[in-house]
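One letter stands for each residue in the lines below.
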Amino acid sequence: MPPNTTRWTFVVTTLAAFMVSLDNLVVTTALPAIRTALGAGLEDLEWTVNAYTLTFGVLLLTGASLGERFGRRRILALGIATFTVASAFAALAPNVGTLIAARAVQGVGGAMILPLTLTMLSAAVSPERRGAALGVWGAVSGLGVAFGPLVGGAIVDGWAWQWIFWINVPVGLLLAPLALRRLAPDRPLAQRLDLPGLALITVGLFGLVWGLVRGNAAGWGSREVVGSLIAGGIVTALFVAWEARTEHPMLPLRLFRDRGFAASNVTALLFSFGMFGSIFLLAQFLQTVQGSGPFEAGLKMLPWTAMPMLVAPLAGPLSDRIGGRPLLVVGLLMQAAGLGWLAANMSADTAYSMQWPAFVISGIGMALFFVPIANVVLGSVPQEDTGVASGANNAIREIGGVFGVAVLAAVFSHTGSYASAQEYSDGTSIATWVGAGVVLAGAIAALFVPGLKRSTAEPVAAPAAGPVPEPLPA
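As the structure is a computational prediction, the values presented were derived from the model and not from experiment. (Residues numbered from 1 in each chain as written. Predicted model: local features only at pLDDT ≥ 70, side-chain atom pairs only at ≥ 80, totals over all residues. Heavy atoms only, no water.)

## Looking at helix α11 (residues 259-288)
Then, in step 1: With 30 residues, α11 extends 43 Å from end C-alpha to end C-alpha; this agrees with the ideal 44 Å at 1.5 Å per step.
Then, in step 2: At isoleucine 279, α11 shows its strongest bend, of approximately 25°.
Then, in step 3: α11 sits mainly inside the fold: 25 of its 30 residues count as buried.
Then, in step 4: Residue aspartate 258 occupies the N-cap position of α11, its side-chain oxygen lying 2.9 Å from the main-chain nitrogen of glycine 260. (Helix = DSSP H or I, 4+ residues; strand = E, 2+ residues; numbered from the N terminus. Expected span 1.5 Å × (residues − 1). Bend = angle between axes of the 7 residues up to and from the residue. Buried < 20%, exposed > 50% of the residue type's maximum accessible area, 1.4 Å probe, protein only. Polar contact = N/O pair within 3.5 Å; in protein donor to acceptor, adjacent residues only side chain to side chain.)

## Some points on the side chain of serine 425
Then, in step 1: Within the secondary structure layout, serine 425 lies in helix α17 (residues 421-446).
Then, in step 2: On the basis of relative accessibility, which here comes to 0%, the residue serine 425 falls in the buried class.
Then, in step 3: When neighbours within four sequence positions are excluded, serine 425 is seen to be in contact with Phe285, Val289, Met346, Ser347 and Ala348. (Contact = heavy atoms within 4.5 Å.)

## What about a nonpolar patch on the surface?
Then, in step 1: Together, Leu333, Leu440, Ile444, Leu447 and Phe448 make up an exposed nonpolar region whose accessible area comes to about 490 Å².
Then, in step 2: Here isoleucine 444 is to be found in helix α17. (Patch = residues over 30% accessible without salt bridge, like charges linked within 9 Å, V, L, I, M, F, W, Y side chains within 5 Å. Areas by Shrake-Rupley, 256 points an atom, 1.4 Å probe, with all protein chains shown as cover. Salt bridge = Lys/Arg side-chain N within 4 Å of Asp/Glu carboxyl O.)

## Section: the nonpolar core
Then, in step 1: Within the largest apolar cluster, 125 residues are counted, with the highest numbers of intra-cluster contacts made by Leu76, Phe280 and Trp304.
Then, in step 2: Examining the composition of this core, we find that 15 residues originate from one element, α11, more than from any other.
Then, in step 3: Leave out the neighbours within four places in its chain, and phenylalanine 280 touches Leu31, Leu42, Leu45, Glu46, Val49, Val405 and Ala409.
Then, in step 4: Core analysis: the second largest hydrophobic core is formed by seven residues, Ala312, Ala315, Ala367 and Leu368 among them. (Core = buried A, V, L, I, M, F, W, Y, C linked by side-chain atoms within 4.5 Å.)

## Considering helix α13 (residues 302-322)
Then, in step 1: Between its terminal C-alpha atoms α13 stretches 29 Å, which fits the 30 Å expected from 21 residues at 1.5 Å a residue.
Then, in step 2: At alanine 312, α13 shows its maximal bend, which comes to roughly 45°, and the proline proline 313 appears one to four places after that position.
Then, in step 3: Pro303, Trp304, Thr305, Ala306, Met307, Pro308, Val311, Ala312, Ala315, Gly316 and Ser319 are the residues of α13 that are buried.
Then, in step 4: Immediately downstream of α13, the backbone of glycine 323 shows phi near 95°, a positive value.

## Re the environment of glycine 63
Then, in step 1: Positionally, glycine 63 belongs in helix α3 (residues 42-70).
Then, in step 2: Classification of glycine 63 as buried rests on a relative accessible area of 2%.
Then, in step 3: Apart from residues no more than four positions distant in its own chain, glycine 63 is found in contact with Ile75, Ala111, Met112, Pro115 and Leu116.

## A look at the environment of arginine 325
Then, in step 1: Among the structural elements, arginine 325 can be located in helix α14 (residues 324-344).
Then, in step 2: Taking the C-alpha atoms as reference, arginine 325 lies 9.0 Å from serine 264; in sequence the two are 61 residues apart.

## Some points on the pattern of salt bridges
Side-chain pairs of opposite charge can arise whenever the charged atoms involved come near each other.
Then, in step 1: In this structure the tally under the stated criterion is one salt bridge.
Then, in step 2: The partner of lysine 300 in a salt bridge is glutamate 296, with the nearest N and O atoms 3.7 Å apart. Here lysine 300 pairs with glutamate 296, and both are found in helix α12 (residues 294-300), just four residues apart, close to one helical turn.
Then, in step 3: Relative accessible area serves as the criterion here: at 39%, glutamate 296 is assigned to the partly exposed category.

## Thoughts on the environment of valine 311
Then, in step 1: For valine 311, the location among the structural elements is in helix α13.
Then, in step 2: Distance from valine 311 to glycine 363, taken between C-alpha atoms, is 8.8 Å for residues 52 residues apart in sequence.
Then, in step 3: With residues up to four places along the chain from it excluded, the contact list for valine 311 reads Ile364, Ala367 and Leu368.

## A short note on the packing of α13 against α14
Then, in step 1: Running from amino to carboxyl end, α13 crosses α14 at an angle of 155°, the nearest separation of the two axes being 9 Å. Classed by the angle they form, the pair α13 and α14 counts as roughly antiparallel. Regarding α13 and α14, the two cross each other, and that crossing is right-handed. Across the interface between the two elements, Trp304, Ala315, Leu318, Ser319 and Ile322 from α13 touch Gly324, Pro326, Leu327, Gln335 and Leu339 from α14. (Axes fitted to C-alpha atoms, helices over the stretch in contact; angles between N-to-C directions. Parallel < 35°, antiparallel > 145°, perpendicular 65-115°, else oblique. Left-handed = near helix turned anticlockwise from the far one by under 90°.)

## Considerations on the packing of α14 against helix α15 (residues 356-378)
Then, in step 1: Where α14 contacts α15, the two axes come as close as 7 Å, and the packing angle between them is 150°. Compared by their axis directions, α14 and α15 come out roughly antiparallel. Where α14 crosses over α15, the two elements pack in a sense that is left-handed.
Then, in step 2: Tallied by class, residues from the contact of α14 with α15 come to 20 nonpolar, six polar and no charged. (Nonpolar A, V, L, I, M, F, W, Y, C, P; charged D, E, K, R; others polar.)

This is the structure in structure tokens:
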């Protein structure tokens, strides 16, 4: 592929991945402002976050399949356009219901963007440079997640909460035409879409999340909650059974026979569960309990969010030399230690000097996780499966975040409330301890990721993007 095409592919895919990743957490420091402006309750705030991550996570594999079926470049541009329009509707939302619906459509657009950015970048870069390129992609995606609270806080303080969505519009208007004009054309593959599998996993996960979100309000023994959890579990089991027998599964279960693929995905699930669930409450704690403004709250978390930017350039080459497993294990241990530190020092009068070391530790841990995870996943599967493997890993990571927010918010709601600073502190402390424990379990799971092998030293190529008659990155 011509150097100019490769450069455009790198620019467009990394910017698009950053925009989508940013929206995972950009709303966290804006949640108190949204709660006040739209009269939202805890459940509404959960759905403001989860409407995005749920549709995003569930549809990631479908987004990857659409790219193979209709052409990666075309679906990437469509995803960017969808994400941009949904962002505008979120900014204009007159009530929390409209905001939640717009966030769900944002997730649909994001699901078409993120898996394609990874496979297109992997296909555009030479094998000897692919590990470094994927490391940068992972670091940029991680930065989008990490900088979400700071960007959201700065925008809410400087303008209004609506601008956390308006900022996506000019970026999307720039990237969509660039994707069509500057990325290399690719040949669509005759790939069938697994519509029954998509329907089953969507209904199953929605049932499970609905039951978790409604548990404290409706009662854990209520028909609504028990019925929702049971139905969600049954339909999710039906999805697994369907994927095992259909000829064209959206999630080939055979991939999980590889120890590296299975272990890295369990690790990603547990990391996102603990991290996303904890930060949902911690970002509010700094404002609701300690009286920080949105920007100040984001600034206080800067030692956490800035660490990936500082550590990633060092962690990438190190991962190539020693493999991804040591970095994953150490990173998750540090993330768990940071969350445990915060949970142990959770009160209205906790000094910032007791918080920032935990943010630094957590930030370094986040960087050590984000840098090697993409290469570990892609290196554990055959070349022809890299597209679906990347989609599966991102989907599992997003679904981990959905369950993390739902479960830790349920723990918070059971043990604390917004009624007073002390009650909020008590509930957040217990929930954050749970989050730390889940991340620690992720570190244990990372021990089963295979050590250094050819996938790290000589990264596996992504599926061919089809013939490239002229330099225009996909």
